[in-house]
Amino acid sequence: MKYITITLLLFFSLTISIHAQTLKDEWVTCITSGCKILDPYYKEGVSLKWEGSCIDGKAHGFGKLIKYQDGEYESTYEGEYNIGIREGKGKFIHKSGTVREGTFINGQMCGKGVMTLSNGEKY
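Residues numbered from 1 in each chain as written. Predicted model: local features only at pLDDT ≥ 70, side-chain atom pairs only at ≥ 80, totals over all residues. Heavy atoms only, no water.

## A word on the overall build of the protein chain
Under the convention used in this document: Helix numbers and strand numbers start at the N terminus; a helix is a DSSP run of H or I with at least 4 residues, a strand a run of E with at least 2. The buried label applies to any residue whose accessible area, calculated with a 1.4 Å probe on protein chains only, is under 20% of its type's maximum; exposed applies above 50%, and partly exposed to all values in between. Two residues qualify as a contact provided that any one of their heavy atoms is within 4.5 Å of a heavy atom in the partner residue. Here the Shrake-Rupley method, with its probe set to 1.4 Å, supplies the accessible areas, and only the displayed protein chains count as covering residues.
In terms of helices and strands, the protein chain carries one helix and eight strands. Starting at the N terminus, the α and β elements of the protein chain follow one another as α-β-β-β-β-β-β-β-β. Within the protein chain, the fraction of its 123 residues that count as buried is 30%. Partitioning the contacts of the protein chain with sequence separation of at least 6, the portion at a separation of at least 24 is 14%. By element, 59% of the accessible surface of the protein chain is carried by carbon and sulfur atoms, the whole surface being about 8,100 Å².

## Thoughts on the side chain of Arg 86
We apply this condition: In this tally Asp and Glu are treated as negative and Lys and Arg as positive; neither His nor the chain ends contributes. Salt bridges are identified by distance alone: a Lys or Arg side-chain nitrogen within 4 Å of an Asp or Glu carboxyl oxygen.
Here Arg 86 shows up in strand β6 (residues 85–94). We note that Arg 86 is buried and unpaired, the nearest opposite charge coming from Asp 39 at a distance of 5.4 Å. Aside from chain neighbours lying at most four places away, what touches Arg 86 is Pro 40, Tyr 41, Tyr 77, Glu 80, Tyr 81, Phe 92, Phe 104, Ile 105, Asn 106 and Gly 107.

## Here's the deal with the pattern of salt bridges
Under the defined criterion, the tally for this structure stands at two salt bridges. Between Lys 67 and Asp 39 there is a salt bridge, with the nearest N and O atoms lying 3.0 Å from each other. One end of the pair, Lys 67, is in strand β4 (residues 58–69); the other, Asp 39, is in strand β2 (residues 36–39), with 28 residues separating them in the sequence. Residues Glu 74 and Lys 95 are paired through a salt bridge, measuring 3.7 Å at the closest nitrogen-oxygen approach. Of the two residues, Glu 74 is situated in strand β5 (residues 72–82) and Lys 95 in the loop between β6 and β7 (99–105); the sequence distance between them amounts to 21 residues. Judged by its relative accessible area of 16%, Glu 74 is buried.

Have a look at this one:
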């Protein structure tokens, strides 16, 4: 009985922490182009600038997206979009100086890629 109780407590604590870290997908209209982009890391106060083409009101093809949080620079993504979603080759640059290059699927970097830290170390 003791092991069952411990196992259940462990399961519930892991479940709670997993749900606490769930990303919130949100369609955001860019302030410069009017294109919509799916932001998998959306928080209130986000604004986006998109330099690229739109199809049916959503970013499509290669372009550059600059993200601001409460008016301050957050990140830049240069790469491919498919109907508003990061899809294909791309490079993500965070304000900390970290750069991630690789393939994006459904908005997330997947598979092999390169991460360069602000001090130049590569992984």
